[in-house]
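So the chains spell out like this:
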Amino acid sequence: MGNSYAGQLKTTRFEEVLHNSIEASLRSNNLVPRPIFSQLYLEAEQQLAALEGGSRVDNEEEEEEGEGGLETNGPPNPFQLHPLPEGCCTTDGFCQAGKDLRLVSISNEPMDVPAGFLLVGVKSPSLPDHLLVCAVDKRFLPDDNGHNALLGFSGNCVGCGKKGFCYFTEFSNHINLKLTTQPKKQKHLKYYLVRNAQGTLTKGPLICWKGSEFRSRQIPASTCSSSLFPALESTAAFPSEPVPGTNPSILMGAQQAGPASDHPSLNAAMGPAVFNGKDSPKCQQLAKNNLLALPRPSALGILSNSGPPKKRHKGWSPESPSAPDGGCPQGGGNRAKYESAGMSCVPQVGLVGPASVTFPVVASGEPVSVPDNLLKICKAKPVIFKGHGNFPYLCGNLNDVVVSPLLYTCYQNSQSVSRAYEQYGASAIQPISEEMQLLLTVYYLVQLAADQVPLMEDLEQIFLRSWRESHLTEIRQYQQAPPQPFPPAPSAAAPVTSAQLPWLASLAASSCNDSVHVIECAYSLAEGLSEMFRLLVEGKLAKTNYVVIICACRSAAIDSCIAVTGKYQARILSESLLTPAEYQKEVNYELVTGKVDSLGAFFSTLCPEGDIDILLDKFHQENQGHISSSLAASSVTKAASLDVSGTPVCTSYNLEPHSIRPFQLAVAQKLLSHVCSIADSSTQNLDLGSFEKVDFLICIPPSEVTYQQTLLHVWHSGVLLELGLKKEHMTKQRVEQYVLKLDTEAQTKFKAFLQNSFQNPHTLFVLIHDHAHWDLVSTVHNLYSQSDPSVGLVDRLLNCREVKEAPNIVTLHVTSFPYALQTQHTLISPYNEIHWPASCSNGVDLYHENKKYFGLSEFIESTLSGHSLPLLRYDSSFEAMVTALGKRPRDEVRHILLKLCSKHYAAALMAVSGLPQMKNYTSVETLEITQNLLNSPKQCPCGHGLMVLLRVPCSPLAVVAYERLAHVRARLALEEHFEIILGSPSSGVTVGKHFVKQLRMWQKIEDVEWRPQTYLELEGLPCILIFSGMDPHGESLPRSLRYCDLRLINSSCLVRTALEQELGLAAYFVSNEVPLEKGARNEALESDAEKLSSTDNEDEELGTEGSTSEKRSPMKRERSRSHDSASSSLSSKASGSALGGESSAQPTALPQGEHARSPQPRGPAEEGRAPGEKQRPRASQGPPSAISRHSPGPTPQPDCSLRTGQRSVQVSVTSSCSQLSSSSGSSSSSVAPAAGTWVLQASQCSLTKACRQPPIVFLPKLVYDMVVSTDSSGLPKAASLLPSPSVMWASSFRPLLSKTMTSTEQSLYYRQWTVPRPSHMDYGNRAEGRVDGFHPRRLLLSGPPQIGKTGAYLQFLSVLSRMLVRLTEVDVYDEEEININLREESDWHYLQLSDPWPDLELFKKLPFDYIIHDPKYEDASLICSHYQGIKSEDRGMSRKPEDLYVRRQTARMRLSKYAAYNTYHHCEQCHQYMGFHPRYQLYESTLHAFAFSYSMLGEEIQLHFIIPKSKEHHFVFSQPGGQLESMRLPLVTDKSHEYIKSPTFTPTTGRHEHGLFNLYHAMDGASHLHVLVVKEYEMAIYKKYWPNHIMLVLPSIFNSAGVGAAHFLIKELSYHNLELERNRQEELGIKPQDIWPFIVISDDSCVMWNVVDVNSAGERSREFSWSERNVSLKHIMQHIEAAPDIMHYALLGLRKWSSKTRASEVQEPFSRCHVHNFIILNVDLTQNVQYNQNRFLCDDVDFNLRVHSAGLLLCRFNRFSVMKKQIVVGGHRSFHITSKVSDNSAAVVPAQYICAPDSKHTFLAAPAQLLLEKFLQHHSHLFFPLSLKNHDHPVLSVDCYLNLGSQISVCYVSSRPHSLNISCSDLLFSGLLLYLCDSFVGASFLKKFHFLKGATLCVICQDRSSLRQTVVRLELEDEWQFRLRDEFQTANAREDRPLFFLTGRHI
């Protein structure tokens, strides 16, 4: 058995290996020969051993057993065991002596371990879950570093005690390992065994064989393979198809079922093999190589044993590598193929994340001196990434190097095994080893192209894929993956030793033309760094982009670092390491020190024609006066439409009013529903019911333009008016207090906001944080806070304690890039995120909009369609120049870029202005931009042009660019042709006077002081906007924006937020409208016209506009791939003449070849944007013939004479030009427009097509490649970048984002996989996984840039305000009293108008008013009395029953502080009242039975009380918790103002949520007793909603009863209780008459109470004034209860409120009339008057009449009124009358409610009484035909009032002795109604009344027998005639006890 040594492989004879390779291939059954490098460097030792030493291999490291079959690399050659002695034990886990060796069995047994021996765990393939125990001499085991183990073996069996085994083979036989391969101690002696504190033997550390340093294999895995997936396009995590070049089904020889194989190395060539943990060598085939082409190694690997061979090896020589002896296949080369779509080909930036990181770098050893002048010599600052181990100190010229720890962080992240697997218990999976990490990094750097930059995300994904492949088998146990094409093959992967690492790294780098240079150090990294600096200074690394320095001398680990020395890469990376502030500081320093000026001379050499400035001066002198006059002439003589006054008009320029789009409305509603869900949650974090109004503050970044833009948004939205914040004279200053610019002055304004919120607790303040991804710096961790007070301001203000704790502040973060707010520590709950909705679902538009949003994904799509011109482009010639200039020092490069760009613009302007030779010194793209910029104003009668956005992030450089371009413009005399605007966040918009005048004219602004303050107001202005600032701050751009030139954006944009933010500048709305009459246009002419237009420019898109191609995407255009300048010769020829002097008004003078430069038909600037506005109508476009059809509205038409000639002109010109156009393959925009443009200027404004096409965006090549490349799922590469510089990835072990993810899923992804950096404001928020870290009142709105989020949140404020107002308002019934004109006109009035209470004597003299005045009884029958003379026309037409509630009039009233509330009201004052404990537990309550007998029912009534603990003091119990005895009643003499004496009863059904039972505020906090009266089946739901209310539960027999039953039981219970209390208190010495006898019966919809204040001139004066105010119910009750003679009144009530109340109604303070809705009942006086328990309708009218006829007083307080809320659920509406038998839900009409007895009529499921009342209400004229509209002859109704409908009058009489009845002696009745009449009604009683001849009678009884008895008893047959067919019954089944009635006619 051999030792392992750490010798290094120095040389190898290539021929020998080649020979061996051929031999192996011949012996192999595999169809594909192995690449030589794979065998040489990647195959395990065993491969070479087999080639050199014969057929049998003595392996030191075999494939691990236990995981299934292993593929072999040759014919199977299983290890032959000696025959076993007979009778010995062969059981797995036992030795041959039959003793148990399993650790689990013998862990507690004592064992004899000789000195020098150790207990070791042996792994048996047949028992994968067990370790076998043996004792081994420790001399034969390795030390901690895996070395110094003696050859051979010495061990004892701990089971039977046998000792002296000298061969591991013999020992493995004894312990029954049953191996099929050569037994090896390295393979099977796995763990040291140790005893724990309890003395139990347990598994200890791994035995460290062969220097693996704790990286030994723990879980068997398949072979190693490439770390990079071969099929990167595959969407599956683990591709299931075999890779080309492999044959999974035919493995070398036989595919064995046994666990080991001789030649397993071919496993590596299989499809997605796996490799084991840190040991696994990673290999990849480098990009663009096929399997055997070897300019670069096709696969790289590590030989597992580098020491001398074992004694039996014959082929080893000192020159050759040590005979490999591992069974681990090191290869995988075949399958490691990089595909072009893989990550390697995407240029990437920022191996280091983009943020500047200032963590200290650990250093050790001697310092390394950075040479002086390093920057000058190298032209770039090398960027050094610390890798593994210790990093030395640097000294000397430290300014010339950049050191970053981010690669170290990446390595560390990749070492942590994913938590996702740990949760499944996969703790044994090892992370990737340091050696492998470094080797993979080298592979990655080797395959990067010269113009690519390494990206940390790429590297992390490589590590992740590598790790996942190496543990495929284990991971499969935890997640489903596609099936493999072959069984999993476990193997022991050989480790990459640190000794082999430098050699293998050098080998990998050997094929890349020196782009990667590897330096190996013997002692420390310091010598390698010194060596690198030496090579740099000597210029020997000129071609080298990356230097990898490895020090593998330490036994424990490696030290490494990677230096980026390539000028391009180093510049990009070092820039990406700077924060925006540092970047600005560096540029400022360079400007101050004058470095920029030194570049001037350098630039003058770039123009062979001489210095541009000299040329400019020369041109200026030659052409002075000429250009300006000719251009001016052209602008004057344009053919244009003229308006009435003669001034030119452009129909394309329509500024539309701000309006809200469907999407914005939908988002506003979503925001509102989220706020409501916060309020509805049980956490009580937001009490919407307590707020009366909304206020807001919008916080925006410190950009003047954004500030002005937001002010205008607020101003135009009308939100201030909506919120009631707007005063009469609205000024701009007034609006400014609602928008806060987060600058140094913000703190004062914010304090005022906080103060305001504190002082107005009933106002809901919405704090809107717009552009919320900006400035997330933590105040605590902010390093700059001392120097720059504005940094960290967001955290300081928005996250302050006052904002977090204020219950009336809701914070809304609004951003297009929410990623930095979606981390593990975010304050925003995922449930509080609102994402902008998708425009369509399953291809269906969700919201109909006339504009389509065109954002990043659409821009990317435009690059995919091959036949169209992409809207995203890069300028290849510009990039080439940049690369050429890149040899300059790094700190000059950004200035070079700027100068180069400025030169491009200068040269292009000169070329267009008449110096065509300058065309060669600009790029085609820049030429296109400038041509269109200058041409566009000429094509519009008003001079509208396009905007070019030039993005220069660095403000100082933007100033340089501005000055340069302004100088060129001045020399070319173009000052009045286009404006140059310097846009900086700190300053506003500055525009020249000439252009301001134009803008004022276009926008019809009369204010001479007006200046544009936002970019949107620059609509139509031809201009170059130099847009500076490190980040855009949400500025919107006008729709005339045509080009976004982003060629100068710097490397810091290489995080997702920054990149999308830059591209968001171009986001745009295109029109969805389809033009009218598409087919009417001449398609042939159009296509020719289109050919004429530039091939690389979508400006002149004539053919597609309005044609059938209109419906395609806006950028389907022909594309020429040609970028050479020769092809644009036509355009350059044309430029001079057309621009120089041609007047554009000559329709026929079109010189051949020169019309090509004429102003184009639909100017080049056709695009623009108005993100917050609706689309403006399009002006006419296209060929002249189409003008009338394409002009929306009254487009002014050109003169007819002009129009007649247009078609011929166009045809001739087009045909003559088609040759030219087809020959011109230029990609510039210089080729001409279609003909016909000379005439039709009116339709060719550059804005015409603006609404149809987004801007064109030019990007740096680096960014372009990143944006347009996609991963396997189709997701743009840019989306998988680090989301924001202020966050970092939580782990490298994260899944990839997917294109199919919704915004919500992306949010959850970032919440799981990103953590904030220490500088992030959320850093200290919470531990991961804790939900209570979320702030309850914080929301996040995210949506694409420029889509209209501002409009959406302003709309949200409006709807929120409306909802709050709605919450504080109720609809109350507002109906004037009915039958006013029928009021009793008696001599008696209550004349003492100022009496607070009625005078008893006076009141008794008042007559009772029988007439019903409550408007809810508008359809009820009139009740006759002495005085009325009713004409039939006085009554209105009866309403349909279904109209009764629909048509009732309501008024919306603001709730006062004394209102009654439903369950939705939560405020802090009434929490306790409602029974919500602070810990949100419901109050306990107890159920008590209460029984009393009632003779009329003939049985005992059993009621139940539910009494909360908090209300038990209102009751008397026999003992605490015992039998309920009575409800406590106060004394009449009590005068306390602290409580209300009368108990309040509220009967209710179906209104557990909506009933107004919260009387806390109505009672003004006074103590009161309130009892809800509920039906038994509703008890539980009412108890749930009102846990702290007393419930009176009606017996179950009343479940289907009406309100009469509830009133009846309330009254009877109250009287019974009064008796009980009198008895109880009489024992205490209190007189019975002193007990308070009143109760209140209130409807469940009484919401507010009012009092009328009357000011009269005198006591009896009829002249008075009055006003009504809201008061508490406590006030009213205490007033009434204090009335001096109150005990003499039986029934007291209030007027029902109406806004139409007349003075006459309140003039008399008291009336003797009906009372409804809210009554105060004297249960003592009314002891003998009962409610009818059967009644459903009008039971209060019936009861009022009974009380009056009993001689008792009813008094209505006219100066108190009650408001009733309209509640559309529950109440009597909950009774639905349906058929009992059939399932059909068709409504049953009232005529079907009765039927003939014994008929087959459909029975109904409704109480008989309800059917009767409903039938009589609608069809009583069938019973009383004479009574219809016959008010002089009413129906006589005895002892009851039933509603017979509004057309019939009734006269109520009581049969009781001594009753008060009206005198009926002179009345003739038209009918008689006897309803359930009792014994008081006798024949003699009826004989007092007189009836008309033909009058009808209706007798109603409980059953047919009592019906007959009644007829006999009352001797009715004497005067009435009956027929058999006149008997009816209600349509009830017999079990439902129908009512029967008999009708007859008076004889």
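Look up a bit, the structure's there.
Residues numbered from 1 in each chain as written. Predicted model: local features only at pLDDT ≥ 70, side-chain atom pairs only at ≥ 80, totals over all residues. Heavy atoms only, no water.

### Here we look at the packing of aromatic side chains
Considering all chains together, one arrives at 38 aromatic pairs under this definition. The side chain of R969 reaches across the aromatic face of F978, ending 5.9 Å from its centre. The aromatic ring of Y1373 is capped on one face by R1448, whose charged end is 3.9 Å from the ring centroid. (Phe/Tyr/Trp six-rings, centres within 6.5 Å; stacked < 30°, edge-to-face > 60°. Lys NZ or Arg CZ within 6 Å of the ring centre and 35° of its normal.)

### Points about empty space enclosed by the protein
By volume, the largest cavity amounts to about 390 Å³. Together, 30 residues line the largest cavity, and H771, G1034, S1036, Q1346 and K1349 are the ones closest to its centre. Within the residue set of the lining of the largest cavity, elements represented by two or more residues are helix 21 (704-717), strand 18 (809-815) and helix 41 (1349-1367). With 4 residues, helix 21 is the single largest residue contributor to the lining of the largest cavity. Of the pockets and cavities examined, the second largest cavity occupies roughly 290 Å³. What lines the second largest cavity is a set of 26 residues, among which R571, L897, R1047, I1049 and N1050 lie closest to the centre. For the lining of the second largest cavity, the elements supplying multiple residues, two or more each, are helix 15 (567-577), helix 28 (876-885), helix 29 (890-912) and helix 39 (1261-1268). Tallying contributions element by element places helix 15 first for the lining of the second largest cavity, with 4 residues. Partitioned by chemical class, the residues of the lining of the second largest cavity number 18 nonpolar, 2 polar and 6 charged. (1 Å grid on protein atoms, 1.4 Å probe; cavity = no way out; pocket = protein on both sides within 12 Å on 5 of 7 lines; lining within 4 Å. Points joined across faces, edges and corners; volume = space filled by probe spheres on them. Helix = DSSP H or I, 4+ residues; strand = E, 2+ residues; numbered from the N terminus. Nonpolar A, V, L, I, M, F, W, Y, C, P; charged D, E, K, R; others polar.)

### As for the packing of helix 18 (residues 612-623) against helix 31 (residues 955-971)
For the pair helix 18 and helix 31, interaxial distance at closest approach is 9 Å and the crossing angle is 30°. Classed by the angle they form, the pair helix 18 and helix 31 counts as roughly parallel. Contacts from I612, D613, L616, D617 and H620 of helix 18 reach helix 31 at R964, H967, V968, A970 and R971. Its residues placed into classes, the contact of helix 18 with helix 31 shows 4 nonpolar, 2 polar and 4 charged. (Axes fitted to C-alpha atoms, helices over the stretch in contact; angles between N-to-C directions. Parallel < 35°, antiparallel > 145°, perpendicular 65-115°, else oblique. Contact = heavy atoms within 4.5 Å.)

### Focus: the sheet that holds strand 5 (residues 189-195)
An order of 4-3-2-5-6 is seen for the 5 strands of this open sheet, with the pairing classed as antiparallel. On the outer flanks of this sheet lie strand 4 (155-157) and strand 6 (201-206), each paired with one strand and no other. Between one strand and the next, the sheet's axes are offset by a mean angle of 45°, whatever the strand orientation. The pairing of strand 2 (residues 117-123) with strand 5 spans 3 bridges and is classified as antiparallel. (Pairing = 2+ DSSP bridges.)

### Focus: the pairing of strand 12 (residues 516-521)
Alignment of strand 12 against strand 13 (residues 546-551), held across 6 bridges, turns out to be parallel. When the sheet's bridge partners are listed, I519 is paired in strand 13 with I549. A crossover connection joins strand 12 to the parallel strand 13 through helix 14 (residues 525-538); in handedness this β-α-β unit is right-handed. (Right-handed = clockwise from strand over helix to strand, strands pointing away.)

### A look at helix 21
Helix length check: helix 21, at 14 residues, gives a terminal C-alpha distance of 20 Å against a target of 20 Å (1.5 Å per residue), a fit within 8%. The buried count for helix 21 comes to 10 of 14 residues, which makes it a mostly enclosed element. Elements that come into contact with the buried residues of helix 21 comprise strand 15 (693-700), helix 22 (719-722), helix 23 (732-736), strand 16 (739-741), helix 24 (746-759) and helix 41. After helix 21 finishes, the residue G718 shows a positive phi value of roughly 75°. (Expected span 1.5 Å × (residues − 1). Buried < 20%, exposed > 50% of the residue type's maximum accessible area, 1.4 Å probe, protein only.)

### Quick word on the pairing of strand 24 (residues 947-951)
Two faces, one strand: in a regular strand the side chains alternate between the faces of the sheet. Counting buried residues along strand 24, 5 of its 5 residues qualify, which places the element largely inside the surrounding structure. Residues M947, L949 and R951 of strand 24 are buried on one face, and the alternating residues V948 and L950, pointing to the opposite face, are buried as well. When strand 24 meets strand 26 (residues 1023-1027), the two strands line up parallel, connected through 5 bridges. Paired with M947 across the bridge in strand 26 is C1023. Judged from the 4 bridges that link them, strand 24 and strand 27 (residues 1041-1045) form a sheet pairing that is parallel. The residue bridging L949 from the neighbouring strand is C1044, located in strand 27.

### Comments concerning the environment of P205
Summarising the element assignment, P205 is placed in strand 6. Between the C-alpha atoms of P205 and K190, which are 15 residues apart in sequence, the distance is 8.8 Å. If near-sequence neighbours (up to four positions away) are discounted, P205 is found in contact with K190, Y191 and Y192.

The analysis is restricted to geometry; functional conclusions fall outside its scope.
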